[in-house]
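Observations on the model geometry
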Amino acid sequence: MKKYEFAGEVKTSGGKILHRIRALRDICGEIRAGDIGGFVESESNLSAESGDCAWIFDDAIAAGDAYVDRDACLRGDAIACGSAYVSKGSVMSGHSRAEDNAYLRRASMTGK
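What you see is a predicted model; the values in this text were computed from it and never measured.

Here the focus is the state of the cysteines. Here a disulfide denotes a covalent bond joining the sulfur atom of one cysteine to the sulfur atom of another. Applying the stated criterion across every chain, the model contains one disulfide. There is no disulfide at cysteine 73, and the cysteine sulfur nearest it, in cysteine 53, is 10 Å away. Note on cysteine 81: no disulfide assigned, nearest cysteine sulfur contributed by cysteine 73 at a separation of 17 Å. With relative accessibility at 13%, the residue cysteine 81 sits in the buried group.

So, about the pairing of strand 1 (residues 4–13). Two faces, one strand: in a regular strand the side chains alternate between the faces of the sheet. The pairing of strand 1 with strand 2 (residues 16–23) spans seven bridges and is classified as antiparallel. Directly across from serine 13, in strand 2, lies its bridge partner lysine 16. Here strand 1 folds back onto strand 2 in antiparallel fashion, the turn holding two residues, of which glycine 14 has a positive phi close to 60°.

Once that is clear, we can look at the sheet that holds strand 9 (residues 85–87). Strand order in the open sheet made by the three strands is 6-9-12, with parallel pairing throughout. With one partner strand each, in any of the chains shown, strand 6 (67–68) and strand 12 (103–105) form the two edges of the open sheet. Bridge analysis of strand 6 against strand 9 gives two bridges, and the strand direction is parallel. Note on strand 9: the bridge partner recorded for valine 68 is valine 86.

Turning our attention to the packing of aromatic side chains. By the definition in use, this model includes three aromatic pairs. Their ring planes at 80° and their centres at 6.4 Å tell us that tyrosine 4 and tryptophan 55 sit as a pair that is edge-to-face. Of this pair, tyrosine 4 sits in strand 1 while tryptophan 55 sits in strand 4 (residues 55–56), placing them 51 residues apart in sequence. Tryptophan 55 shares its class with tyrosine 4; the two are buried.

Residues Leu46, Trp55, Ile56, Val68, Leu74, Val86 and Met92 are the most contacted members of the largest nonpolar core, which totals 25 residues. Of all the elements in the fold, those that place two or more residues in this core are strand 2, strand 4 and strand 7 (73–74). Those residues within four positions of leucine 74 in sequence are excluded, and the remaining contacts are Trp55, Ile56, Phe57, Ala60, Ile61, Ala62, Val68, Ala80, Val86 and Met92.

With that out of the way, let us pick up unusual backbone geometry. With phi around 70°, aspartate 71 is a residue other than glycine that occupies positive phi space. Assignment of secondary structure puts aspartate 71 in the loop between strand 6 and strand 7. A relative accessible area of 43% means that aspartate 71 is categorised as partly exposed. Backbone geometry at aspartate 100 places phi at a positive 55°, although glycine is not the residue there. Among the structural elements, aspartate 100 can be located in the loop between strand 11 (97–98) and strand 12.

Definitions and cut-offs
Residues numbered from 1 in each chain as written. Predicted model: local features only at pLDDT ≥ 70, side-chain atom pairs only at ≥ 80, totals over all residues. Heavy atoms only, no water. Disulfide = S-S within 2.5 Å. Buried < 20%, exposed > 50% of the residue type's maximum accessible area, 1.4 Å probe, protein only. Pairing = 2+ DSSP bridges. Helix = DSSP H or I, 4+ residues; strand = E, 2+ residues; numbered from the N terminus. Phe/Tyr/Trp six-rings, centres within 6.5 Å; stacked < 30°, edge-to-face > 60°. Core = buried A, V, L, I, M, F, W, Y, C linked by side-chain atoms within 4.5 Å. Contact = heavy atoms within 4.5 Å.

Structural measurements only, silent on function.
What follows is the structure, encoded as structure tokens:
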């Protein structure tokens with residue numbers, strides 16, 4: 001079963017079309033089926049694997065070739081873009097930004 005779908009809301013940022021996501025099933029206790037998440041440019045920005053708790057919350061964005069997986073999450077207005085890889089339980093929050101070839105593993109990044 002799919003983890004999430006595009007919720008129908010779109011916005012543009014940096015010339016990219018971003019899609020808000022909605023959970024299709026409960027995900028690791030915190031996210032319930034029907035919960036609205038953040039924004040992705042494509043389905044390839046967020047892991048859809050069974051058992052992976054990775055999620056994008058609030059108005060956070062994953063775009064370009066950025067990828068969020070392995071129980072990592074983006075919160076607030078965080079942005080992962082370019083070829084950034086956010087993994088292994090990493091948490092980005094606030095106005096933090098990971099871009100280019102950034103690699104976050106078991107990390108916490110907060111921006112004001």
